[in-house]
Amino acid sequence: MTTKRNDNVHVAIIMDGNGRWAEARGMVRSEGHKSGAKRVKQVILHADTCGVRKLSLWGFSTDNWNRPEYEVNILMQLFKKFILQEADELHQRDACVTFIGDRSGLPEQLQRVMAALEDRTKDNNGLHLEIALNYGGRDEIVRAVNKAVEAGKQVTQESFLQLLDTPDEPDLIIRTSGEQRTSGFMPFQATSSEWYFEPVTWPEYTPSHFDTALAAYKARDRRFGGLSKKVV
Ligand code: IPE
Ligand code: IPE
Ligand code: MG
C-alpha cells in the first residue's frame, strides 16, 4: 500500500470510558458503547480530513472477555454493525482498513465482514485505518514467538516486528477517560511512541480534543535515544 497523506503521523487511540460515561448518567453500560461508536466515526473522518497517515483504534482487548457475556455480545454486534454501515463511505474516502488482534477468537460473522472490508479496501491509498479487535500485546508477542519457533528461526528485532500483527510503531498514543496505563497496547512496537492522556471519556471525545493532542505531540521533542534536534 502506498500512502499519499499530507501529515505523516500514525496516531493510535485507546478508546476508554464508555461504561463510566453511561453509569454517570444513570444509563446501562451498553448505552455508553453505542454512544462511543458514534465518536468512532466522527474521529475517523476528522483524522482523515487532517491528513493523518494512519489511525489505529483499539476496540476490544483479549482481557475484555472477562466482562459479562451480554456486554461482550453487544460489543461484537456493534463492531459488525459499524463495519457494515461504514464500509461504503470508508471505501469512497479511499481508506485502507486492516484489523489486528487474534481474529480467530471472534464470532465467525464478524470475521467475515472484517475480511470483506480488508479485501475491498486493500488497494486504497488514503488513510490507513487499523482496528484492533481481540487484541492484547502479550498475546500478539506470544503468537509471533510461536511463528518463529514453528519456522525454526532465530529472530532479530526487525524480523520479529514483521511477525507481529503490525510492525508499525504509533507516533502518538492517546488514551481517553483519564486512565494512565497501557493495558498491554503494542508493548513491542511502542518504544518511542508519545503518550497523551485525555481526561474526557470516549463518548465525550470530539475532533477538537484530537486537534489538541496532535498539537501537543507536534510540540514535543522526540529524541529516539539521540540528541535533541534543538542542540545538534
Ligand atoms: C472502552 O470503554 C470500551 C472497551 C474497552 C470495549 P470501557 O467499557 O472500558 O469503559 P469503562 O472504562 O468501564 O468506563
Ligand atoms: C483497554 O481498556 C482496551 C480498550 C479500550 C479496547 P480497558 O478498559 O479494557 O482497560 P483496563 O481494564 O481499564 O486496563
Ligand atoms: Mg475501560
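Residues numbered from 1 in each chain as written. Chains lettered and ligands numbered in written order. Predicted model: local features only at pLDDT ≥ 70, side-chain atom pairs only at ≥ 80, totals over all residues. Heavy atoms only, no water.

Draft legend 1. Representation of the site of ligand 2. In the vicinity of ligand 2, the contacting residues are Ile14, Met15, Asp16, Trp58, Gly59, Phe60, Ser61, Asn64, Arg67, Arg175, Arg181 and Ser183. Asn64 is positioned with one of its side-chain polar atoms (N or O) 2.8 Å from an oxygen atom of ligand 2. Side-chain polar atom of Arg67 to an oxygen atom of ligand 2: 3.4 Å apart, as the coordinates give it. A total of 390 Å² of accessible area belongs to ligand 2 in isolation, and the protein chains cover 78% of it. Per element, the largest residue contribution to the shell around ligand 2 is four residues, and it comes from strand S2 (residues 52-61). Of the residues in the shell around ligand 2, the class split is four nonpolar, four polar and four charged. (Near = heavy atom within 4 Å. Polar contact = N/O pair within 3.5 Å; in protein donor to acceptor, adjacent residues only side chain to side chain. Areas by Shrake-Rupley, 256 points an atom, 1.4 Å probe, with all protein chains shown as cover. Helix = DSSP H or I, 4+ residues; strand = E, 2+ residues; numbered from the N terminus. Nonpolar A, V, L, I, M, F, W, Y, C, P; charged D, E, K, R; others polar.)

Draft legend 2. Region of the structure containing the site of ligand 1. In the vicinity of ligand 1, the contacting residues are Met15, Asp16, Gly17, Asn18, Gly19, Arg20, Arg29, His33, Gly59, Asn64, Arg67 and Leu75. One of the backbone N or O atoms of Arg20 is found 2.7 Å from an oxygen atom in ligand 1. In the model, an oxygen atom of ligand 1 is placed 2.7 Å from a nitrogen or oxygen of the Arg67 side chain. When ligand 1 sits alone it has 370 Å² of accessible area, and the protein chains cover 87% of it. Sorting the residues of the shell around ligand 1 by element identifies helix H1 (18-24) and helix H2 (29-50) as the ones contributing at least two each. The dominant element in the shell around ligand 1, judged by the number of residues it contributes, is H1, at three residues. For the shell around ligand 1, the per-class residue count stands at two nonpolar, six polar and four charged.

Draft legend 3. Representation of the packing of aromatic side chains within the structure. Tallied over the full model, the rule gives eight aromatic pairs. Between Phe60 and Trp65, the aromatic rings sit 4.9 Å apart at their centres with planes inclined by 70°, giving edge-to-face as the arrangement. A relative accessible area of 0% places Phe60 in the buried class. Between Tyr135 and Phe185, the ring centres sit 5.9 Å apart and the planes meet at 65°, which makes this aromatic pair edge-to-face. In this pair, Tyr135 is assigned in strand S4 (residues 128-135) and Phe185 in the loop between strand S5 (172-175) and strand S6 (194-197), connecting sequence segments 50 residues apart. In this structure, Tyr135 and Phe185 share a single accessibility class: buried. Linked through ring pairs, Trp58, Tyr135 and Phe185 together constitute an aromatic cluster. (Phe/Tyr/Trp six-rings, centres within 6.5 Å; stacked < 30°, edge-to-face > 60°. Buried < 20%, exposed > 50% of the residue type's maximum accessible area, 1.4 Å probe, protein only.)

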